[in-house]
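Given next are the chains, with one letter for each unit.
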2 protein chains.
Amino acid sequence: MTEHSLWRFSRALHRALNDRQPEDLAALLDEDVEWTIYGPIDMFPFLGGRRGKAAVLEVVRQIADNFRIHRFDRESIMLGVDSAASMLRYTLTALDSNKPISVRLAHFAQFKAGRLLNIRVLIDSFDLVEQALGRSIHLPKMVMPA
Amino acid sequence: MTEHSLWRFSRALHRALNDRQPEDLAALLDEDVEWTIYGPIDMFPFLGGRRGKAAVLEVVRQIADNFRIHRFDRESIMLGVDSAASMLRYTLTALDSNKPISVRLAHFAQFKAGRLLNIRVLIDSFDLVEQALGRSIHLPKMVMPA
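Throughout this document, residue positions are counted from 1 along each chain, in the order its sequence is written. Whichever chain is written first is A, and whichever ligand is written first is 1; the rest continue in order. Only residues with pLDDT of 70 or above have their local features reported here, since the model is predicted, and side-chain atom pairs are shown and tallied only from 80 upward, although totals for entire chains, interfaces and linings are computed over all residues. Processing note: side-chain calculations cover all non-hydrogen atoms of the structure and skip hydrogens and water entirely.

Novice: Is there a simple way to think about the interface of chain B and chain A in this case?
Specialist: Accessible area lost upon the coming together of the parts is a frequently used measure of interface size. Should any heavy atoms of two residues lie within 4.5 Å, those residues are counted as being in contact. Contact residues are listed per partner, giving 43 residues for chain B and 43 residues for chain A. The quantity reported as buried area is the accessible area (1.4 Å probe) lost by two parts once they are put together, taken as the sum for both. Of the roughly 3800 Å² buried at the junction of chain B and chain A (both faces included), carbon and sulfur atoms supply 72%. Its largest share of buried area at the contact with chain A, chain B owes to M78, F108 and M142 of chain B, together 20% of the area lost on that side. A pairing counts as a salt bridge when a side-chain nitrogen of Lys or Arg comes within 4 Å of a carboxyl oxygen of Asp or Glu. Where chain B touches chain A, the interface holds 2 salt bridges. Between E75 of chain B and R120 of chain A there is a salt bridge whose closest N-O contact spans 3.6 Å. Tallying contributions element by element places helix α4 (residues 125-133) of chain B first for the side of chain B that touches chain A, with 6 residues. Charged residues are taken to be Asp, Glu, Lys and Arg, nonpolar residues to be Ala, Val, Leu, Ile, Met, Phe, Trp, Tyr, Cys and Pro, and polar residues to be all remaining types, Gly included. Looking at the side of chain B that touches chain A residue by residue, the class counts come to 27 nonpolar, 7 polar and 9 charged. Put simply, DSSP marks the helices as runs of H or I at least four residues long and the strands as runs of E at least two long, and each gets a number from the N terminus on.

Novice: Help me out: how do you make sense of the side chain of T36 of chain A in this one?
Specialist: All names here are of chain A. Along the chain, T36 falls in strand β1 (residues 29-37). Here the term buried applies to any residue with accessible area under 20% of the maximum for its type, exposed to any over 50%, and partly exposed to those in between, with areas from a 1.4 Å probe on protein chains only. Since its relative accessible area comes to 19%, T36 is described here as buried. Residues contacting T36, with those up to four places away along its chain left out, are G48, G49, I119, R120 and V121.

Novice: When you look at the packing of aromatic side chains in this model, what are you seeing that I'm missing?
Specialist: Two descriptors summarise a pair of aromatic rings, namely the distance from one centre to the other and the angle between the planes of the rings. Between 30 and 60 degrees the pair is tilted, below 30 it is stacked and above 60 it is edge-to-face, where a pair is any two Phe, Tyr or Trp rings, Trp via its six-membered ring, whose centres lie within 6.5 Å. Scanning all chains against the criterion turns up 12 aromatic pairs over all chains. Their ring planes at 20 degrees and their centres at 6.4 Å tell us that F126 of chain A and F126 of chain B sit as a pair that is stacked. Here F126 of chain B lies in helix α4 and F126 of chain A lies in helix α4 (residues 125-133), a pairing that spans two chains. Accessibility assignment for this pair places F126 of chain A and F126 of chain B in one class, buried.

Novice: Even after reading the chapter, I still don't get the nonpolar core, so can you show me in this structure?
Specialist: Side chains of a nonpolar character, in soluble globular proteins, are inclined to be buried together. Grouping buried Ala, Val, Leu, Ile, Met, Phe, Trp, Tyr and Cys residues that are joined through side-chain atoms within 4.5 Å yields what is termed a nonpolar core. Counting 90 residues, the largest nonpolar core has W35 of chain A together with W35 of chain B as the members making the most contacts within it. Here W35 of chain A is in contact with F9, L13, G48, G49, R50, V56, V59, V60, L116 and I119 of chain A, once residues within four sequence places are set aside. Residues Y38 and M87 of chain A together with M78 and A106 of chain B belong to the second largest nonpolar core, which totals 14 residues.

Novice: I tried to follow the pairing of strand β6 (residues 115-123) of chain A on my own but got confused; where do I start?
Specialist: Each regular strand carries side chains that alternate between the two faces of the sheet. Residue and element names in this part refer to chain A. In terms of burial, β6 is a largely internal element, 7 of the 9 residues being buried. Strand pairing requires that DSSP identify at least two bridges connecting the strands. Pairing analysis gives 5 bridges linking β1 to β6, with the strands arranged parallel. Looking at the pairing, W35 lines up with I119 of β6. Both strand β5 (residues 99-112) and β6 contribute to a ladder of 8 bridges, which runs antiparallel. Bridging from a neighbouring strand, H107 pairs with V121 of β6.

Novice: Mind showing me how you'd approach the sheet that holds strand β2 (residues 48-51) of chain B here?
Specialist: Within a beta sheet, neighbouring strands are joined by backbone hydrogen bonds and run either parallel or antiparallel to one another. All names here are of chain B. An order of β2-β1-β6-β5-β4-β3 is seen for the 6 strands of this open sheet, with the pairing classed as mixed. Because the sheet does not close on itself, it has two edges, and the strands there are β2 and β3 (67-79). Going across the sheet, the axis of each strand differs from the next one's by a mean of 20 degrees, ignoring polarity. Taken together, the 11 bridges between β3 and strand β4 (residues 83-94) define a ladder with antiparallel strand orientation. Directly across from I77, in β4, lies its bridge partner S86. Axes, fitted as lines to C-alpha atoms, cover a helix only where it is in contact. Angles between the N-to-C directions of the axes lie from 0 to 180 degrees. Along the sheet face, helix α3 (residues 53-66) touches β1 (29-37), β2, β3 and β4 and points at about 45 degrees away from the line of β1. Sheet contacts for α4: β5 (99-112) and β6 (115-123); angle to β5, the most-contacted strand, approximately 145 degrees.

Novice: What is the right way to look at the pattern of salt bridges in this model?
Specialist: Working definition: two side chains of opposite charge can pair if their charged atoms are close together. Applying the stated criterion across every chain yields a total of 18 salt bridges over all chains. Note that D65 of chain B and R20 of chain B form a salt bridge whose closest N and O atoms lie 2.6 Å from each other. Within this pair, whereas D65 of chain B is found in helix α3, its partner R20 of chain B is found in the loop between α1 (5-18) and α2 (23-27), the two being separated by 45 residues in sequence. Here the salt bridges do not stand alone but share partners, grouping R20, E58, R61 and D65 of chain A into one network.

Quick look at the structure:
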């Protein structure tokens, strides 16, 4: 049984992010890879969509410039032949402020011949924003009277 | 081939939410079901965790009191024997303000004997908060100089 593409991709991504060694990741990206991380791009310009290997490597470099990953826990996972989805909790440091950030995300990924073809990542973005700001955003309670 | 538990669950959930007919949903919940929707519970008290059939039916009723679903598009899906994950885009109306809201979410679910055992839902929560407020929250740009 060969190793699932997700594990190779995950190792290569973390090597690119934390060790700034993007070579393994580059070899695992389809030339036309589609990459989307949904979230507030005004605050984090490296969120949003990218297309193609060069653009993805560039955005991974930007993420590496801003965060250091300390650990991640994969809370749920589903693997298909050429696809994978998981929910993870990441513990990061924002490098500008040295602020610790803990954020939950979910990804859906498709691979082709072992290379990443498409990934979409959803983040618990309000939680991320509050932690990056270092303060709570006051919210009115929005609920109909019982 | 029998229908996957996800489809029955999804129909029953939407019937409980939009038609306020929770009977089908009640029949598809394990007695000890674990239910979590990650998000800002200060603003939306029906987010967060619930345990057990009665608590889940009550929180579904609270969601039904606050929103009406107009449509949902399943953008990604993975099905296992007793598990399912998907990414969806919901178009809703907030009933207090009649405000249209479009929000992306991901769920991971586990079933046992056709009943929901566990579901965890992640929302693009910052996008949800801004739409529910009806205004943008000003965010500083958080990025290291290039």
